[in-house]
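Structure at a glance
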Amino acid sequence: YYDGKEIDKLAELFTEDAVCEFSDKYGGHWVGREAIRANYARYSPPDKPRYGGLHAGTNHVIDILGPEDAV
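Okay, so let's go over this structure. Keep in mind that what you see is a predicted model, and the values were worked out from it rather than measured.

1. Here we look at the pattern of salt bridges
All told, the structure shown has five salt bridges when counted by the stated rule. Ionic pairing is found between E6 and K9, a salt bridge with its closest N-O pair at 3.0 Å. A salt bridge links E12 to R33; the nearest nitrogen and oxygen atoms lie 4.0 Å apart. Taken together, the positions of E12 in helix 1 (residues 7-12) and R33 in helix 2 (residues 33-42) put the pair 21 residues apart, joining distant regions of the chain. On the basis of relative accessibility, which here comes to 54%, the residue E12 falls in the exposed class. Given the relative accessible area of 18%, R33 is considered buried. Shared partners join several salt bridges into a network, and the residues in it are E6, K9 and R50.

Structure (structure tokens):
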């Protein structure tokens, strides 16, 4: 939703009391759905095209080998 500039839909993915933890560079912790929506909107300028960039997420595979070992 972020890359497609659908910030309201993105915000709806979060609970009312959600917290997004960011570094101070991005305003620190964003607390609450409305703060999350407002901050994502701030970093999604209207003059940039939809899908002008695309964030890719992947699911990591972790094999648990034992109580203190994984690969």
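2. A closer look at the environment of R33
Along the sequence, R33 and L10 sit 23 residues apart, while their C-alpha atoms lie 9.7 Å from each other. Other than its neighbours up to four places away in sequence, R33 contacts A11, E12, F14, T15 and E16. There is a polar contact of 3.4 Å between the side chain of R33 and the backbone oxygen of A11.

What counts and what doesn't
- Within every chain, residues take consecutive numbers counted from 1 along the sequence as written.
- Totals for whole chains, interfaces and linings use every residue, but because this is a predicted model, local features are given only for residues with pLDDT of at least 70 and side-chain atom pairs only at 80 or more, for both listing and counting.
- Each side-chain value is worked out from all heavy atoms of the structure, with water and hydrogens disregarded.
- Only one rule defines a salt bridge in this text: a Lys or Arg side-chain nitrogen within 4 Å of an Asp or Glu carboxyl oxygen.
- Numbering goes from the N terminus for both helices and strands, where a helix is a DSSP run of H or I of at least four residues and a strand is a run of E of at least two.
- To sort residues, take the accessible area from a 1.4 Å probe on protein chains only and compare it with the maximum for the residue type: under 20% means buried, over 50% means exposed, and anything in between is partly exposed.
- Pairs of residues are marked as contacts when any of their non-hydrogen atoms sit within 4.5 Å.
- By the criterion applied in these results, polar contacts are pairs of N or O atoms within 3.5 Å in which, for protein atoms, one can donate a hydrogen and the other can accept it, and in which residues neighboring in sequence qualify only through two side-chain atoms.

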